[in-house]
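# Structural description and commentary
Take a look at the letters that make up each chain.
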Amino acid sequence: MTLLMRDQENLEKGREEGREEGREQGILGMISVLRDLHIPDNTILEKLQEKFLFSKEEAQEYLNH
């Protein structure tokens, strides 16, 4: 593996991690706004499962974050 190949792999890994962090922050922000609008947690849970294809457990983790 050349240094260029390693650098390209590291760059792509960094991009992927950035996308994942951005997605998580976006979901948490959405939950915050929905709670500010007094949307019940059970409704938010259902929407997280529907829109992001989360299991109930995954969606619950975001609600508890």
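Here goes a summary of the coordinates provided. (Residues numbered from 1 in each chain as written. Predicted model: local features only at pLDDT ≥ 70, side-chain atom pairs only at ≥ 80, totals over all residues. Heavy atoms only, no water.)

## Some thoughts on the packing of aromatic side chains
Stated precisely, the cut-off is as follows: Note on aromatic contacts: the rings of Phe and Tyr and the six-membered ring of Trp form a pair at centre separations within 6.5 Å, being stacked when their planes are under 30 degrees apart, edge-to-face when over 60 apart, and tilted otherwise. Think of it in three bands: with a 1.4 Å probe and only protein chains considered, a residue is buried below 20% of the maximum accessible area for its type, exposed above 50%, and partly exposed in between.
Evaluated as defined, the whole model comprises two aromatic pairs. With a centroid separation of 5.6 Å and an interplanar angle of 20 degrees, the aromatic rings of Phe52 and Phe54 are classed as stacked. Where Phe54 meets Tyr62, the ring centres are 5.1 Å apart and the plane angle is 15 degrees; that geometry is what we call stacked. Judged by relative accessible area, which is 18%, Tyr62 ranks as buried. The structure contains a cluster of three or more aromatic residues connected by ring pairs, namely Phe52, Phe54 and Tyr62.

## Structural notes on helix α2 (residues 41–52)
Each turn of an α-helix holds 3.6 residues, which means side chains three or four residues apart point in the same direction. Basically, it comes down to this: Each helix is a run of H or I in the DSSP string that is no shorter than four residues. Each strand is a run of E no shorter than two, and both are numbered from the N terminus. Helix span, expected: 1.5 Å multiplied by one less than the number of residues in the helix. By construction, the arc corresponds to the directions joining the helix axis to the C-beta atoms. Any two residues whose heavy atoms approach within 4.5 Å are treated as being in contact.
Compared with the 16 Å implied by 1.5 Å per residue over twelve residues, the 16 Å span of α2 between its first and last C-alpha is a close match. If you check which residues of α2 are buried, you get Ile44, Leu45 and Leu48. End-on, the buried residues of α2 take up no more than an arc of 105 degrees, which puts them together on one face. Among the exposed residues of α2, those oriented more than 90 degrees off its buried face are Glu46 and Lys51. Looking at the buried residues of α2, the elements they touch are α1 (3–36) and α3 (56–64). Leu53 occupies a position one or two residues after α2 and carries a positive phi of about 55 degrees.

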